[in-house]
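Each chain, written out:
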Amino acid sequence: MESIEFKQFLEFLRTDKMLSSVVQLRKIRQKLYSAQQLWSRMPADFIEKYHIEPLHHVGLEYIMEHDQLHLHTDIGGRNSNILINVGEGPATVQHTNNGVIEDHTIQVGEFFIIDTTKEHGCDNRENPFKAEFVTVNNRMFYSECIAQF
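A few points on the structure. Here, residues in each chain are numbered from 1, in the same order as that chain's written sequence. For a predicted model such as this one, the threshold for reporting local features is a pLDDT of at least 70, and the threshold for listing and counting side-chain atom pairs is 80 or more; totals across whole chains, interfaces and linings nevertheless cover every residue. Excluding hydrogens and water, the side-chain values take into account all heavy atoms of the structure.

1. Let's talk about helix α1 (residues 4–15)
(1) Moving on: We count a stretch as a helix when DSSP gives it H or I for four or more residues in a row; a strand needs E for two or more, and each element gets its number in order from the N terminus. In a helix, the anticipated span is given by 1.5 Å times the number of residues less one. Helix length check: α1 (12 residues) gives 17 Å between terminal C-alpha atoms against 16 Å at 1.5 Å per residue, within 8%.
(2) Moving on: Taken residue by residue, α1 has Phe 6, Phe 9, Leu 10, Phe 12 and Leu 13 as its buried positions. Buried residues of α1, seen end-on, are gathered within an arc of 155° and therefore sit on one face of the element. Exposed residues pointing more than 90 degrees away from the buried face of α1 are listed as Ile 4 and Gln 8.
(3) Moving on: Its buried side turned inward, α1 meets β2 (28–34), α2 (35–38), α3 (44–49), β3 (57–63) and β10 (131–137). Per-residue accessibility, obtained with a 1.4 Å probe over protein chains only, is compared with the maximum for each type, and a residue is labelled buried under 20%, exposed over 50%, and partly exposed between these values. Think of it as the arc spanned by the lines of direction from the helix axis to the C-beta atoms. We call two residues contacting when some pair of their heavy atoms lies within 4.5 Å.

What follows is the structure, given as structure tokens:
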């Protein structure tokens, strides 16, 4: 169950129009922040659970209902990404963490780590709600990120 502090933090991410860099590429919409920008707003247990440091990046990403984010690799030095499902229902991501394309369903409140240097995407075509994630980019390689959990 989400804490009141996390719900307030999530509401800030959803409504902020001043601090974030908003990016709309392909079928994904992203609001990106340096963790330092959000430090006073992030709950302490969130920072601790996901090992967040001020130089990491935190964001809010979503794929609209009945839409699909096709397989792609990230650019700009991202090596891994922690996806925390904060949407209204389960979200299915495709990834090639293990060298083959696999589907993984992330339940609401759960997280999944992807290797962003390999192909990944999100299939939300069957859902009547948007797939929504709080993301943490801890500037680590996938193997380093996985080792933390």
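2. Here we look at the pattern of salt bridges
Close approach of charged atoms allows side chains with opposite charge to pair.
(1) Moving on: We count a salt bridge whenever a side-chain nitrogen from Lys or Arg sits within 4 Å of a carboxyl oxygen from Asp or Glu. In total, this model carries 2 salt bridges according to the counting rule given.
(2) Moving on: Between Arg 14 and Glu 132 there is a salt bridge whose closest N-O contact spans 2.8 Å. Of the two residues, Arg 14 sits in helix α1 while Glu 132 sits in strand β10, which places them 118 residues apart along the sequence.

3. Quick word on the packing of aromatic side chains
(1) Moving on: Each Phe, Tyr or Trp ring (for Trp, its six-membered ring) is paired with any other whose centre lies within 6.5 Å, and the angle between the two planes then decides the class: stacked below 30 degrees, edge-to-face above 60, tilted in between. On inspection of all chains with the given rule, the structure shows 8 aromatic pairs.
(2) Moving on: Consider the rings of Phe 6 and Phe 46, whose centres lie 5.5 Å apart with planes at 45°: the pair is tilted. Taken together, the residues span a long stretch of sequence, with Phe 6 in helix α1 and Phe 46 in helix α3 at a distance of 40 residues. The burial state of Phe 6 is the same as that of Phe 46; both residues are buried.
(3) Moving on: Put simply, the rings of Phe 6, Phe 9, Phe 46, Tyr 50, Phe 111 and Phe 149 touch in pairs and so form one group of aromatic residues.
(4) Moving on: Only when the NZ of Lys or the CZ of Arg is both within 6 Å of the ring centre and within 35 degrees of the ring normal is a charge said to sit over the ring. Cation over ring: Arg 41 sits above Phe 12, and NZ or CZ is 3.8 Å from the ring centre.

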